[in-house]
Structure formats: C-alpha cells, structure tokens
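Residue strings, one per chain:
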Amino acid sequence: MALDLLIKNGTVVDGSGMPRYRADIGVRAGRIVEIGRIRSSAEKVIDADALIVAPGFIDGHTHIARCLTAVEDIPTEAMLAGIDWNWESFPEYLANVERLPKGLNYGMYIGHSALRMYAMGRRALEERANEDDLRAMEAAVAEAIRAGALGFSSSRATTHITPDGTPVASRIADWHEIDRLVGAMGELDAGIFQIGPDISGGEAQRLFYERLRRVALESGRPIMFGTLATKQGVDPNPWDYSTRYIDETVALGGRMYGQGTTRSINAVFSLKSYLPFDGLPAWKEIRALPLAEQKHRLADPEVRRRLVADEAKMKPKSSELQGGGAATTDPRRPDYANLFPMLDVDWDDPSVADLARRQNKHPVEIIIDLCLENDNRVFVQPLVNESPEDVLGILKHARTLATFSDSGAHVCQEMGSSLQTHLLSYWVRKRQQFTLEEAIRMLTFDNASAWELPGRGLVRTGYAADLVVFEEERIRPRLPTVEQDLPGGARRLVQKADGIAATIVNGVVAMENGESTGQYAGQVLKGRLAAS
C-alpha cells in the first residue's frame with residue numbers, strides 16, 4: 001500500500017535523547033508506519049538530505065480569556081469578531097474546538113476564573129465561594145475531565161488583573177476552594193493542576209509553595225507552575241528556591257513540575273504597539289496620529305525636545321513586581337539599563353542606557369531614532385529570567401520543562417514563540433550547553449510525558465506523525481514584527497523562524513519553509529479518561 005508521506009534521507013533525532021541516525025520515515029493515515037530504508041511509493045515525498053527530522057515541538061503554556069484582557073492584551077472587539085461564542089459548558093467548548101479546522105494539535109484546561117464566573121456570576125470577582133458554589137464548580141471540573149480536559153488551571157499571580165485593575169476571579173478564591181476543585185480530579189484519578197504562581201517574593205511566595213505542596217500530596221494529581229528567576233519586587237526568592245520545593249515535594253510522594261523558558265520574559269514595546277511614554281500628555285497627542293504622521297512629527301527637533309521634557313515628569317520605577325503591557329495612567333520611568341532594542345536575537349544587545357552614553361543623547365532620543373530607523377523595531381524590558389545563567393540553571397534542573405512560551409497570549413505585550421528555536425540556536429549551537437539530542441528531548445518527549453500524551457513526542461512506528469524537518473546549523477528565530485491581522489484588523493506581535501523546511505501535523509504538511517500550506521490536520525488532544 002502506498003504511503004501518504006515519505007521523508008527520505010533525513011537524520012533522525014527521535015526525541016528520546018539517544019544518538020541521531022539516518023533513516024527514511026513513512027507515514028500513512030496520520031501515523032508513522034515505517035522507519036528505515038523505505039522503497040514504497042508515496043503521494044508526497046520530502047527529501048530531507050542534510051536535514052534533521054524530529055518530533056513536533058510541544059508547548060504547554062499559553063492562555064487567553066476575556067477576564068485577562070488587560071494582561072493578555074487581546075482586544076475584546078477582536079475576540080467578539082473572530083469567535084463564534086456558541087458554547088456554555090466545557091464539553092460544548094471542547095466540541096466546538098474539535099469541529100473547527102486547526103493548524104496544530106490543541107489540548108485545553110478548564111480555567112478557574114472562567115469557571116468561577118460561570119458558577120457565581122459577578123460575585124466571583126468579590127466573594128469566596130459558598131457550599132453551593134463549590135459543589136457546582138466541582139461538578140463542572142469533573143464533567144470537563146470526563147469530556148477530555150487535560151486538567152484544571154488557576155492563577156495566584158499578583159500581576160493577573162482585570163481591565164479595571166482588580167484581581168482576576170481565581171485570585172479571590174481561598175485555598176479550600178482549590179483543594180475542593182483539584183480534589184475533584186483526584187476522585188477521578190485524572191487531570192493535571194497548572195497554576196500561575198505567586199512570584200511576589202518574600203514570605204508570601206514561601207507560603208504559596210508550602211500550601212501548594214499540600215495540594216500535591218493530598219490530591220495525588222500532577223502539579224505544574226512557572227519556575228522563574230527575577231530581580232524585581234521586594235525580597236525576591238532565588239529561582240532554585242522553587243526547584244528545591246519541587247524536589248522535596250517529589251521526595252514526599254507528590255508529582256510536581258516546573259515550567260521554564262529559554263530566555264527572559266519581556267515586556268515588548270514598539271512604535272506600532274506601545275511605548276513606555278504613551279500615558280504622558282505630549283506623547284498622547286503624537287500617538288493618536290496615523291503612523292506616517294507620527295514618524296514625521298518625531299523627526300521634528302522641537303517636537304522631540306517637548307517629548308524629552310515630558311518624560312522628566314514620569315515617576316521613578318517602583319519596587320513592586322511589574323507586569324508587561326500598555327502604559328498606564330500612572331506611567332513609571334523605564335529603567336533604561338534594562339531596556340534593550342532588539343537588534344538581533346542572540347541575547348547580546350546593548351541597552352538603551354548604553355547607547356545613550358555612547359552617543360551622548362537622552363535615552364528618549366535613542367528610542368525615537370531607532371523607531372524612525374525601523375518602524376518595526378521592538379524594545380524588550382526583561383521582567384523575569386533577566387540573567388541567562390539563571391535561565392540555564394532552570395533548564396538544567398531535572399524536574400523543569402522547556403515549555404513556557406505564552407505564544408498566542410500577550411498579543412502586543414510579549415513574544416515568547418521563539419522558545420524552541422532560541423533553545424536550538426542559542427543554548428545548543430552558540431553556547432553548546434546542550435546537545436541537539438538533549439534539546440529535542442526537552443521540547444518533545446519530556447513534555448509529552450509530563451502531559452500524559454501517549455503516542456506523541458517520539459519518532460516511533462505507531463506514533464502520531466507530528467514532525468519537524470529543519471537545518472541544524474541554520475534554525476533560529478527571526479526578529480519579531482507587529483502585524484495587524486487579527487479579526488477586525490487588531491494588531492499582534494509575530495515572530496517566525498529561519499531554517500525550518502517543514503512542519504508536519506498528523507501526517508499532513510502544515511508549513512513549508514515558514515509558510516502555511518493551507519492544510520489543517522490538527523486534532524484536539526484529550527485527557528486519559530476521554531481518550532481511553
């Protein structure tokens with residue numbers, strides 16, 4: 001029988017961490033059916049000579065929700081224009097996603113804030129749940145897990161706020177509520193609990209970890225949270241404080257993973273999206289104009305003098321942990337030593353303060369100059385994981401996962417979709433801290449195992465044909481750009497990659513040389529109860 005797809009002459013890095021080998025891969029009906037020297041005919045053939053063939057990359061951390069419009073920066077108007085809101089319950093939502101064409105495989109959690117709003121209405125933003133509320137939410141969590149949810153997700157992060165500056169609904173919940181909802185998964189012996197941690201530092205963070213350990217030990221469910229390093233806030237704890245808690249919890253019988261990034265998590269600024277000064281009066285006047293007129297005005301020396309003078313009115317940066325996003329009504333002066341124009345993607349750009357000293361200019365002038373030079377220029381302000389060596393420590397820990405991209409979230413505030421390509425280009429090729437085999441295992445099998453996704457994450461016969469074909473010496477992220485391609489023309493950051501020849505989803509070539517083929521073979525990935 002002919003194959004649907006034949007990948008010939010490739011060098012296979014199979015996701016296990018074992019050494020690479022040369023082989024052909026045959027695909028039929030969305031699965032790998034042959035590995036070796038294949039002589040069968042195929043409907044489509046990819047010549048992978050001198051290319052790496054690896055399992056498809058698995059990313060386990062992204063999120064969108066209306067209650068996080070302020071944090072995620074996804075305009076409500078774009079969501080209303082682009083989404084057919086034809087569901088109410090989680091099973092109805094899952095069925096809707098399953099029905100729609102998808103370019104990638106997609107698994108989902110039932111989210112705590114949405115669940116609270118569903119069960120409690122506006123009270124969810126102000127009150128603790130009563131017994132009736134808890135029973136309703138427990139039933140909804142159990143219903144979601146049976147339908148195929150991978151788990152239940154929540155947030156205690158102090159940076160997660162509603163558009164009016166109040167805590168999102170999940171932060172109003174007490175730990176008893178979390179015990180009950182995670183316990184609902186424990187009763188079914190299924191589902192993962194993922195939580196946005198309190199990273200405010202000091203005693204609050206230490207108490208968070210202590211309480212989370214109890215949830216892990218009492219529920220028996222796997223728990224995941226972001227493992228981050230930060231120099232922000234008052235009395236920040238070091239990153240290895242988190243990993244010690246993970247190790248100690250596992251030693252006591254709990255199941256716990258940290259989620260790591262491969263570089264800093266940044267607030268992103270640009271002329272086409274946000275600048276740190278947008279809340280200032282003189283800047284508001286300019287920023288309200290069409291882009292071409294903004295550039296014309298920014299080139300005027302008198303206008304520039306006025307904008308520099310307006311910056312002097314900004315308050316100094318506070319000691320509180322800062323999140324990303326648009327300028328607020330109470331704008332704070334950027335730390336120019338911690339604000340970097342992205343001139344390249346190798347994590348070695350000079351800061352705005354460095355450039356200002358070299359050129360004997362005000363930092364605001366440096367930013368204006370770089371914006372006029374390239375109106376797609378982005379500036380990054382590291383919020384967490386500021387130090388490459390801290391990131392390396394997190395990545396090398398045995399119980400952390402390389403999986404915290406936030407891709408699709410923080411539309412114009414942050415750009416993490418280079419997580420995988422940065423690992424391969426920076427940490428493997430430039431810094432030589434991991435072998436290619438180690439890095440591919442981190443991006444594939446390790447994540448598939450943690451999320452309990454059978455039949456994915458390895459190049460094996462019988463496994464789903466999720467594959468990526470790339471050039472080992474050329475794969476790397478491109479610089480991000482701001483595009484206006486969301487529903488209704490809303491803007492978002494886009495970051496593509498070089499060196500990827502093909503991305504294959506369930507045996508179908510979804511991307512070739514960085515461009516969509518228009519083929520959508522993605523599937524909904526369901527949890528164990530629904531998949532069995």
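It should be emphasised that the depicted structure is a prediction, and the values quoted were computed from it without experimental measurement. (Residues numbered from 1 in each chain as written. Predicted model: local features only at pLDDT ≥ 70, side-chain atom pairs only at ≥ 80, totals over all residues. Heavy atoms only, no water.)

### A word on the side chain of Lys 102
- Note on placement: Lys 102 falls in the loop between α3 (90-99) and β6 (109-111).
- This buried residue, Lys 102, is left without a salt bridge; Glu 98 holds the nearest opposite charge, at 7.1 Å.
- Looking at Lys 102, its side chain comes within polar contact range of the main-chain oxygen of Glu 98, at 3.1 Å.
- In contact with Lys 102, other than residues within four places in its own chain, are Val 97, Tyr 520, Ala 521, Gly 522, Gln 523 and Val 524. (Helix = DSSP H or I, 4+ residues; strand = E, 2+ residues; numbered from the N terminus. Buried < 20%, exposed > 50% of the residue type's maximum accessible area, 1.4 Å probe, protein only. Lys, Arg positive; Asp, Glu negative; His and termini not counted. Salt bridge = Lys/Arg side-chain N within 4 Å of Asp/Glu carboxyl O. Polar contact = N/O pair within 3.5 Å; in protein donor to acceptor, adjacent residues only side chain to side chain. Contact = heavy atoms within 4.5 Å.)

### What about the sheet that holds β6?
- Here 6 strands make up an open sheet; going across it, the order is β6-β7-β8-β9-β10-β14 and the pairing parallel. Unpaired on one side and paired on the other, β6 and β14 (400-402) mark the two borders of the sheet. Neighbouring strand axes in the sheet, compared pairwise and without regard to direction, differ in orientation by 25 degrees on average.
- Two elements, β6 and strand β7 (residues 151-155), share 3 bridges in a ladder whose sense is parallel. Its bridge partner being in β7, Gly 111 is matched across the sheet by Ser 153. (Pairing = 2+ DSSP bridges. Axes fitted to C-alpha atoms, helices over the stretch in contact; angles between N-to-C directions.)

### With respect to the pairing of strand β11 (residues 265-270)
- Most of β11 sits out of view: 6 of its 6 residues are buried.
- Burial along β11 is two-sided: Ile 265, Ala 267 and Phe 269 facing one way and Asn 266, Val 268 and Ser 270 facing the other are all buried.
- Pairing of β11 with strand β13 (residues 378-384), which is carried by 6 bridges, proceeds in the antiparallel orientation. Within the sheet, the bridge partner assigned to Ala 267 lies in β13 and is Gln 381.

### A word on the packing of aromatic side chains
- A full pass over the atoms with the stated rule returns 14 aromatic pairs.
- Ring geometry for Trp 347 and Trp 427: centres 6.3 Å apart, planes at 85 degrees, overall edge-to-face. Here Trp 347, found in the loop between β12 (340-341) and α12 (352-359), pairs with Trp 427, found in helix α15 (residues 419-430); they are 80 residues apart in sequence, far enough to count as distant. For the pair Trp 347 and Trp 427, a shared accessibility class is recorded, and that class is buried.
- Three or more aromatic residues link up through ring pairs in this structure, and these residues are Trp 175, Phe 208, Tyr 209, Phe 225, Tyr 241 and Tyr 245.
- The ring centre of Phe 434 lies 4.6 Å from the NZ or CZ of Lys 396, which sits over that ring. (Phe/Tyr/Trp six-rings, centres within 6.5 Å; stacked < 30°, edge-to-face > 60°. Lys NZ or Arg CZ within 6 Å of the ring centre and 35° of its normal.)

### Digging into the sheet that holds β12
- Reading across the sheet, the 3 strands line up as β11-β13-β12 and stay open at both edges, with antiparallel pairing between neighbours. With one partner strand each, in any of the chains shown, β11 and β12 form the two edges of the open sheet.

### Notes on the environment of Phe 277
- The topology assignment puts Phe 277 in the loop between β11 and α9 (281-287).
- Separated by 22 residues in the primary sequence, Phe 277 and Ala 299 place their C-alpha atoms 17 Å from one another.
- In this view, Phe 277 contacts Trp 283, Glu 311, Met 314, Pro 334, Tyr 336, Val 364 and Ile 367; residues no more than four positions away in its chain are not counted.

### Focus: the environment of Leu 275
- Topologically, Leu 275 is positioned in the loop between β11 and α9.
- Relative accessible area serves as the criterion here: at 2%, Leu 275 is assigned to the buried category.
- When the C-alpha atoms of Leu 275 and Ile 74 are compared, they prove to be 17 Å apart, with 201 residues separating the residues in sequence.

### As for the pattern of salt bridges
- Under the defined criterion, the tally for this structure stands at 44 salt bridges.
- A salt bridge links Arg 135 to Glu 131; its shortest N-O distance comes to 3.2 Å. On the criterion of helical spacing, the pair formed by Arg 135 and Glu 131 is a turn pair, its members being 4 residues apart in helix α5 (residues 131-147).
- Among the residues examined, Arg 135 registers a relative accessible area of 53% and is labelled exposed.
- Note on Glu 131: relative accessible area 34%, which makes it partly exposed.
- The closest approach of N and O atoms between Lys 430 and Asp 348, which form a salt bridge, is 3.3 Å. A residue pair is termed long-range when its members are at least 10 positions apart, and Lys 430 in helix α15 and Asp 348 in the loop between β12 and α12 qualify at 82 residues.
- Owing to a relative accessible area of 48%, Asp 348 belongs among the partly exposed residues under this scheme.

### What to know about the packing of α12 against helix α13 (residues 363-373)
- Taken N-terminus to C-terminus, the directions of α12 and α13 make an angle of 100 degrees; their axes are 9 Å apart at the nearest point. As the angle between them shows, α12 and α13 are arranged roughly perpendicular. From α12, Val 352, Leu 355, Ala 356 and Gln 359 reach across to α13, where they touch Pro 363, Ile 366, Ile 367 and Leu 370. (Parallel < 35°, antiparallel > 145°, perpendicular 65-115°, else oblique.)

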